[in-house]
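Structure at a glance
Given next are the chains, with one letter for each unit.
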Amino acid sequence: MEESEKPIEERKEKIKRWLKSSDNLLIFGLIGFITLVYLYFFFKIGPQPIWFDEGDYLSIARVWGNNMAKPEWWPHFTLIRPLLMPLVWSIFLKFGFSEMFLRFATLLIPSLFASFVTFKLAESLFNKKVALIATIAFALNWVWMFYTFRILTDIPSALFGILSLYFFWEFYEKKQKNYGLYLSVAFGILAFLARYIGGIILASIAVYILITRRLKVIKQKELYFSVIVVLLCLSPFFIYNYSHFDKQVFPALSFYQGSESTAVQRPVYIKALTEHIPNLLGASFNNLGLLLIVFFIIGFILILEFVLYADKLFKGEINSKNNLIFIFVILVVPFLYLIFGIRTADTRYLLTNFSILCIVLAYGADFIISKLQNVLKIRNLSLIILIILSISMVYWQVSASNAFIKNKYGSYGEVKEAGIWLRDNTEIDAKIITASLTQNQYYSERQSYDFYNSQNKLTNDAGCYSTSLYELNESCKNITEIAFNEKIAQLKPDYLVISVFEPAYTPIWAYTYPQRYNMTFMKAFGNNNGQPLAIIFKF
């Protein structure tokens, strides 16, 4: 054999040895199955209509990608929304890539990769069996799958967060490689820049370091360097904010948690635990979800084993339980933030540390399976139970995902159709009034405006815009219509879109406005029963 052929033969032998392992074949089969499930939904759903918050991100991307003039709404939405993913998506739009390609490259692939990294993280923290259970619970979860097919920032941010955890634990903690810490910090920053709540991952890691290192952090030079990495990574973000938002380096913080924000007015939000965890695991619609809750509770109790060694752990005498401390901190700190910090949550907010939640669940499931194996003494019982559990999880979670995705698939379809019609049938400089502000900007590629006129002194003095436009009192109904007409006189828009969508941003008088002002009907878009849900009028 020639020398040049030896590396090839060695690789072949390595692959053969890998394939001979039943565990590796099971992993390979699992990843293949998950990929097929995701591809099925991907092609079945296609470019489904976008929601309001999807529109926020995509309209920003459209303005950048198409080199459009900054619209009226630009300062507000670019202040409250993280701009990393809109920047990425604008590049795709700039070079003419389709929405389907954008979904594939920045959502589907990252979602699948996040499942793989979850497996590697769980394996590093425990073992392959725990990793397999955690990966199934993670990848086929109905919430995770649903948001895989929505153009939002949850999936990319969660992937960056999982990578941050993996590089920190596997390379910095276990292998004592400083580059693991630096990579962890870099991916943690990306998690934050993709979705602000993703920054809680780095904060959780910092808490873990303080707990396990205590005063030793003062002597660890790599920690100082990691702070420099944070500042370098965030400097473009801070500079952009400072130059665009009245010299504020992080204006979104005051919007979400400032003294006048709704967060400080809300009570402590215990539902993040009592409602959203059961909902995330599917306990609200099938018995398997209840079983997963039981596994999670058992796993969490087992994680608390480190408390028994607290004195030795905090003295630095042992570190064999650091994996349990790590899991506990990464699981608990984000929940504390939801409960006591922003004091609100949507089930998708839990995706930030969802991989760790699944690992805790899997740890509890593995414990129960092992105990049953020891008690019943049945050969391969552990494997049999694991297979049955996996099939059940696949069936129930995929069924739930299918039902939820199917139920939400067509929502906002009429808004999409109206936007596309406007794109194809109007001049490029057309101005459009619509409550579905950002979706229309994305689909129509035309400047879009809302029903507000924040320049009007009467509306501001009366506080008319401090509540839903649909719930205005009689005085505000008159004032806001007068203010709207002033806006029309100054702006000279071309089209008005009235729809059943976004009622909170549509004043009640708007529904009769076209008839009262003799506007020209252009096009209606209705549901399967022929009921119009969006109508276009010309001024």
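All of these numbers come straight from a predicted model, not from anything done at the bench. (Residues numbered from 1 in each chain as written. Predicted model: local features only at pLDDT ≥ 70, side-chain atom pairs only at ≥ 80, totals over all residues. Heavy atoms only, no water.)

A short note on the overall build of the protein chain
Which entries qualify depends on this criterion: Each helix corresponds to a stretch of at least 4 residues labelled H or I by DSSP, and each strand to a stretch of at least 2 residues labelled E; elements are numbered beginning at the N terminus. Radius of gyration: C-alpha atoms only; globule rule: 2.2 Å multiplied by the number of residues to the exponent 0.38. Throughout, exposure labels follow a simple rule: accessible area from a 1.4 Å probe, protein chains only, divided by the maximum for the residue type, with under 20% read as buried, over 50% as exposed, and the rest as partly exposed. It only takes one pair of heavy atoms within 4.5 Å for two residues to be counted as in contact. Here, Shrake-Rupley sampling with a 1.4 Å probe gives the accessible areas, and only protein chains in the shown set may cover a residue.
Across its full length, the protein chain holds 25 helices and five strands. The globule rule puts the C-alpha radius of gyration for 539 residues at 24 Å, and the 26 Å found for the protein chain is close to it. Its C-alpha atoms give the protein chain principal-axis dimensions of roughly 80 × 55 × 50 Å. Across the 539 residues that make up the protein chain, the buried fraction comes to 53%. In the protein chain, the share of contacts with a sequence separation of at least 24, taken over all contacts with a separation of at least 6, comes to 71%. Total accessible area on the protein chain is roughly 25,600 Å²; 63% of this is exposed by carbon and sulfur atoms.

Focus on the environment of Thr459
Note that Thr459 resides in helix H23 (residues 457-462). With relative accessibility at 1%, the residue Thr459 sits in the buried group. Sequence separation of Thr459 and Ser475 is 16 residues, and the distance between their C-alpha atoms is 9.9 Å.

Description of the environment of Met100
Structurally, Met100 can be placed in helix H6 (residues 99-125). By relative accessible area, Met100 is classed as partly exposed at 21%. Ignoring anything within four residues of it in the chain, the contact list for Met100 reads Phe42, Gly46 and Pro47.

Quick look at the pattern of salt bridges
Quick note on the threshold: One side-chain nitrogen of Lys or Arg within 4 Å of one carboxyl oxygen of Asp or Glu is enough to make a salt bridge.
Applying the stated rule across the entire model yields 21 salt bridges. The shortest N-O distance in the salt bridge between Arg423 and Asp424 comes to 3.0 Å. Given the relative accessible area of 32%, Arg423 is considered partly exposed. Where Lys477 meets Glu474, a salt bridge forms, and the shortest distance between an N and an O atom there is 3.1 Å. With a gap of three residues between them, Lys477 and Glu474 both fall in helix H24 (residues 474-491), about one helical turn apart. On the basis of relative accessible area, Lys477 is assigned to the partly exposed category, the value being 21%. Using a relative accessible area of 55% as the deciding quantity, one classes Glu474 as exposed. If you follow the salt bridges from partner to partner, you end up with Asp53, Asp154, Arg195, Asp346 and Arg348 in one network.

Overview of the packing of aromatic side chains
What counts is decided by this rule: For Phe, Tyr and Trp, where Trp contributes only its six-membered ring, two rings pair if their centres lie within 6.5 Å, and the inter-plane angle classes them as stacked under 30 degrees, edge-to-face over 60, or tilted in between. Consider the ring centre and the ring normal. A charge sits over the ring if Lys NZ or Arg CZ is within 6 Å of that centre and within 35 degrees of that normal.
Applying the stated rule across the entire model yields 55 aromatic pairs. Here Phe168 and Phe326 contribute two aromatic rings whose centre-to-centre distance is 5.8 Å and whose plane-to-plane angle is 15°, an arrangement assigned as stacked. Of this pair, Phe168 sits in helix H9 (residues 154-174) while Phe326 is found in helix H18 (residues 322-341), placing the two residues 158 residues apart along the sequence. Classification of Phe326 by relative accessible area gives buried; the value is 0%. Arranged with centres 5.6 Å apart and planes meeting at 75°, the rings of Phe192 and Phe250 form a pair that is edge-to-face. Of the two residues, Phe192 sits in helix H10 (residues 178-194) while Phe250 sits in the loop between helix H12 (221-244) and helix H13 (251-257), which places them 58 residues apart along the sequence. Phe192 sits in the buried class, given a relative accessible area of 12%. One aromatic cluster is present, built from ring pairs that chain together Phe52, Trp64, Trp73, Trp74, Phe77 and Tyr505. Directly above the ring of Trp74 sits Lys70, whose terminal nitrogen or CZ lies 5.2 Å from the centroid.

Some points on the side chain of Arg195
With respect to the secondary-structure elements, Arg195 resides in the loop between H10 and helix H11 (200-213). When neighbours within four sequence positions are excluded, Arg195 is seen to be in contact with Tyr57, Pro82, Thr153, Asp154, Ser157, Arg348 and Tyr349.

Here we look at H18
Our working definition: Here, expected helix span is obtained from the residue count minus one, scaled by 1.5 Å.
Taking 1.5 Å of rise per residue, the 20 residues of H18 would be expected to cover 28 Å, and the 27 Å separating its terminal C-alpha atoms lies within 8% of that figure. Count one or two residues on from H18 and you reach Arg343, which has phi positive near 55°.

Description of helix H22 (residues 437-444)
In terms of burial, H22 is a largely internal element, eight of the eight residues being buried. Of all the residues in H22, the buried ones are Leu437, Thr438, Gln439, Asn440, Gln441, Tyr442, Tyr443 and Ser444. Two residues or fewer past H22, Glu445 is found with a positive phi of approximately 60°.

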